[in-house]
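Fold and contact review
Below are the chains, spelled out letter by letter.
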Amino acid sequence: MSSVVKIKKCRICDSTNLLDFLFLGDIPIPNGFINKKDLKKKEKKYPLTVTFCKDCSLVQLRYIVNPKIMFQNYLYIPSSSKTRIEHFKNLAATTSDHTKLNEKSLVIDIGSNDGSLLTFFKNLGCEVLGVDPAENLVKVAELNGIRTEQGYISIPLAKKIVKKHKRASAVLATNVVAHISDLKEFLKSLDILLEEKGIFIAQFPYIVDLIKKNQFDTIYHEHLSYFSLKSLMKLSQHSNLEIYSVERNDLDGGSIRVFWKKKSNNSIIRDDKKINKLLQVEEDYGLYQEKIYLKFSATIKKIKKDTIKKIKELKAKNKIIVGYGAAAKGNIMLNYFGIGTRHIDYLVDSTPYKQGLYSPGVHIPIYDEFRIYEDKPDYLLILAWNFKKEIMEKNRQFKKNGGKFIISVPEFEIL
Ligand code: JHZ
């Protein structure tokens, strides 16, 4: 695969009836943090164009960046947030409510990162196996005691895993399905991985929340698809798996958990009530019509204008602004808004791997969170707005000292 490919048809239904409704610009990959010595090198940028399939309603990126460029060396780790780790604990409990797990059960996590989620299944006594393409993170996971196969899930890798280990009682994928280009092959791989009564649980940010709450910065090169339940049901038609339940939760600004089983497994009853209720929410919200996406695009342009104006006003008063959380989404926001070192003095992030590096595109230095207590900036622009509560609680003292928080999603606000 070349470094970037333009798609001509929908990933799920092959329709060419696509509407490009938003262009966020040519932007470097959002987890492409830079070493000081490389700052002068030309960075590769890729177009971020979002398109809507008028036939099956899948929202997707027009341009796909080669996954090797994005995931081989990956600096994002879930364990940098308490909220996410608590959520993983809850996900492990939900999984064992859905399927009987014991010491003989194998649980596989696709996109297992540093092994944080699987640790909870290990504590439940299950056998666990991670699958992840990032060389650096496989090493971290192994150090955490989580055995991990390095690679992208595919039919050959699924067959290899079954041969080497066994079939799984549960396969999980949190914030991963959106990263996958060939979704039909993905479902086939799951069919191979799962035992007859096994279940697959996927979780990712939900398009209804994304549109409703103006979460434009969740749109980036890693996320190829932004699924509605309807689009996923359409996808499942091409496979041996079917969706049997669905739940919403408030992680990452609003996510859905989708539960799949094998079509041949009649021991699990499909929860039609939950499924139909959510399909109705989507229909009522206008998710299957192009109008809502055109409106979203106009709103995002307004947020950009408002934020730049307000930040310039603060800078004119010589206020010091620091960005909180060098999240992938934050890097998209900064690049789309064109906010750089003239506006933001530096970023802070709890992930040790990101500290000492520079943000992609706008090249803002990243430091340890504690730096704000030495420098005492006037404002903290919360880039990781999905952890607003956790970040504000953690920095109560900053507020007590007279500091203020700024948020730009769902709209510009000083808190
Ligand atoms: P966070 C990643 O996106 C990439 P990002 C990926 N594609 C995806 O889908 C989402 O995750 C879910 C920092 N932080 O989790 C840690 C603090 O510094 O929103 C992280 O760098 N202090 C897989 O990168 C960042 O913020 C804190 O107190 O947008 C949050 O990144 C807290 C709570 C976080 O994901």
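Below you will find a few notes about this structure. Numbers given for residues are sequential positions, taken from 1 along each chain in its written order. Residue-level local features of this predicted model are given only where pLDDT is at least 70; pairs of side-chain atoms are given and counted only at 80 or more, and the full residue set underlies all totals for whole chains, interfaces and linings. Hydrogen atoms and water are omitted, and side-chain values are computed over all heavy atoms in the structure.

Overview of the sheet that holds strand β10 (residues 194-205)
For clarity, the threshold we go by: Note on pairing: two strands pair once DSSP finds at least 2 bridges between them. In this description a helix means any DSSP run of H or I spanning at least four residues, a strand means any run of E spanning at least two, and both kinds are numbered starting from the N terminus. Geometry is summarised by axes, namely lines fitted to C-alpha atoms with helices restricted to the contacting stretch, and by angles between N-to-C directions that run from 0 to 180 degrees. By definition in these notes, contact holds between two residues if any of their heavy atoms fall within 4.5 Å.
The strand order β8-β7-β6-β9-β10-β13-β12 describes an open sheet built from 7 strands, whose pairing is mixed. Bordering the open sheet on either side are β8 (148-150) and β12 (241-249), each of which pairs with just one other strand. Strand after strand, the sheet turns through a mean of 20 degrees between neighbouring axes, direction not considered. Sheet topology note: the strand β7 (residues 127-132)/β8 ladder contains 3 bridges and is parallel. Within the sheet, the bridge partner assigned to Val-131 lies in β8 and is Glu-149. Set on the sheet, helix α2 (residues 82-98) makes contact with β9 (168-174), β10, β12 and β13 (255-262); between it and β13 the angle comes to about 30 degrees.

Some details on unusual backbone geometry
What counts here: Exposure classes here rest on a 1.4 Å probe applied to the protein chains alone. A residue is buried below 20% of its type maximum, exposed above 50%, and partly exposed in between.
In this model, Val-409 is joined to Pro-410 through a cis peptide bond whose omega is 10 degrees. Structurally, the position occupied by Pro-410 is in the loop between β18 (404-407) and β19 (413-414). One non-glycine residue with positive phi stands out, namely Ser-57, at about 80 degrees. If you trace the backbone, Ser-57 turns up in the loop between β3 (46-53) and β4 (59-61). Relative accessible area serves as the criterion here: at 4%, Ser-57 is assigned to the buried category. Of note, the phi angle at Lys-376 is positive, near 50 degrees, even though the residue is not glycine. Residue placement: Lys-376 occurs in the loop between α12 (371-375) and β17 (379-382).

Concerning the site of the ligand
Heads up, the rule is: One heavy atom within 4 Å of a molecule or strand makes the whole residue count as near it. In protein, a polar contact requires one atom able to donate a hydrogen and another able to accept it; more generally it is a pair of N or O atoms within 3.5 Å, and residues adjacent in sequence count only if both atoms are side-chain atoms. Note on areas: Shrake-Rupley with a 1.4 Å probe; residue coverage comes only from the protein chains shown. All amino acids are sorted into three groups, where Ala, Val, Leu, Ile, Met, Phe, Trp, Tyr, Cys and Pro are nonpolar, Asp, Glu, Lys and Arg are charged, and the leftover types, Gly among them, are polar.
In the vicinity of the ligand there are 27 residues, among which Glu-222, Lys-329, Asp-349, Lys-354 and Lys-394 approach most closely. Within the backbone of Ala-328, an N or O atom sits 2.7 Å from an oxygen atom of the ligand. With respect to the ligand, the side chain of Lys-394 contributes an N or O atom lying 2.6 Å from an oxygen atom. Calculation on the ligand without its partners gives an accessible area of 730 Å², and the protein chains cover 97% of this total. Residue assignment for the shell around the ligand shows that the elements contributing at least two residues are α11 (328-337) and α13 (388-394). A total of 3 residues in the shell around the ligand trace back to one element, the largest contributor, which is α13. The class makeup of the residues in the shell around the ligand is 9 nonpolar, 9 polar and 9 charged.

Examining the packing of α2 against helix α3 (residues 116-123)
Rule in force here: Between 65 and 115 degrees an angle is taken as roughly perpendicular, under 35 as roughly parallel, over 145 as roughly antiparallel, and anywhere else as oblique. Each crossing gets its hand from how the near helix is turned against the far one by less than a right angle, where anticlockwise is left-handed and clockwise is right-handed.
One way to put it is that α2 packs onto α3 with a least axis distance of 9 Å and a crossing angle of 45 degrees. Comparing their axes, α3 and α2 come out oblique. Like other packed secondary-structure pairs, α2 and α3 cross with a definite hand, here right-handed. Residue-level inspection shows Ile-85, Phe-88, Lys-89, Leu-91, Ala-92 and Thr-95 of α2 in contact with α3, the latter providing Ser-116, Leu-117, Phe-120 and Phe-121. Across the contact of α2 with α3, the residue classes break down as 7 nonpolar, 2 polar and 1 charged.

A closer look at the state of the cysteines
What counts is decided by this rule: The definition used for a disulfide is geometric: two cysteine sulfur atoms within 2.5 Å.
Tallied over the full model, the rule gives 0 disulfides. Cys-53 takes part in no disulfide bond, and the closest cysteine sulfur, belonging to Cys-13, lies 3.6 Å away. Residue Cys-53 is classed as buried on the basis of its relative accessible area of 0%. Of all cysteine sulfurs in the structure, the one in Cys-10 sits closest to Cys-56, which takes part in no disulfide; the separation is 3.6 Å.

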